[in-house]
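Overview (structure and organization)
The residues making up each chain are set out below.
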Amino acid sequence: MDGRPAMRVGRRNEPRPDVVIRRKHAGRSPVPVEDALLAGEVVPAGWHFSDRYDKTKVYARSGIRSYWLVNPQRERVTLTEYTLDGAAREYQELAHTEGVFVTERPWKVSVDLPALTARRNDLLAGEED
C-alpha cells in the first residue's frame, strides 16, 4: 500500500489515482467512484502507453468527469486535461500545455508548469533549498 487512497470502481478494481477530491471522503479508502470529482495521474518513469490507456478507460467508464495527466518525464512538464463525454463514456482532450494551465473544472485552479519544470530541473541537478 502506497498511502494514496484507492477508488472503488468495481468489485475487484481499486486503482490509486494521484488525485481524488471530495472533502467528505478525506482519509477514506476506497473512495466511492461516484463521488470523485477529479482523477489524476503523474506519469512515472517507465510508464507505458498501455498503463495510461487502461486506466483512462476505467475512469471514463466509471463516470469520473475530469481527468488530468501530468507528465514530468518530458523536457518540459506537461499537463493534459480531459473531460468525460457522458454518452460515449470516453474522455475528450480539452487542453494540453507546458505553459500555465488554467481551468474551472471541477473548480477554478491554475498550475504553473514552467515553474514545476524549473523546480524539477533544480532537484535533478542536485540543487536544494
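The model shown is predicted, which means the values in this text are computed figures rather than measured ones.

A cis amide bond links R105 to the next residue, P106, at an omega of -5 degrees. Located in the positive-phi region is R89, a residue other than glycine, with phi close to 55 degrees.

On to the pairing of strand 7 (residues 90-97). In this sheet, strand 7 lies alongside strand 6 (residues 78-85) in antiparallel orientation, the contact comprising seven bridges. In the strand pairing of strand 7, E81 is matched with A95. In sequence, strand 6 turns back onto strand 7 through a hairpin of four residues, with R89 there showing a positive phi of about 55 degrees.

It is worth spelling out the nonpolar core at this point. Formed by 13 residues in total, the largest nonpolar core has its most connected members in A39, Y59, I64, Y67, L69, Y82 and Y91. Mapped by element, the contributors of at least two residues to this core are helix 1 (49-61), strand 5 (66-71) and strand 6. Excluding residues that lie within four positions of it along the chain, L69 makes contacts with E41, V43, W47, R52, T78, L79, T80 and Y82.

Conventions we followed
Residues numbered from 1 in each chain as written. Predicted model: local features only at pLDDT ≥ 70, side-chain atom pairs only at ≥ 80, totals over all residues. Heavy atoms only, no water. Pairing = 2+ DSSP bridges. Helix = DSSP H or I, 4+ residues; strand = E, 2+ residues; numbered from the N terminus. Core = buried A, V, L, I, M, F, W, Y, C linked by side-chain atoms within 4.5 Å. Buried < 20%, exposed > 50% of the residue type's maximum accessible area, 1.4 Å probe, protein only. Contact = heavy atoms within 4.5 Å.

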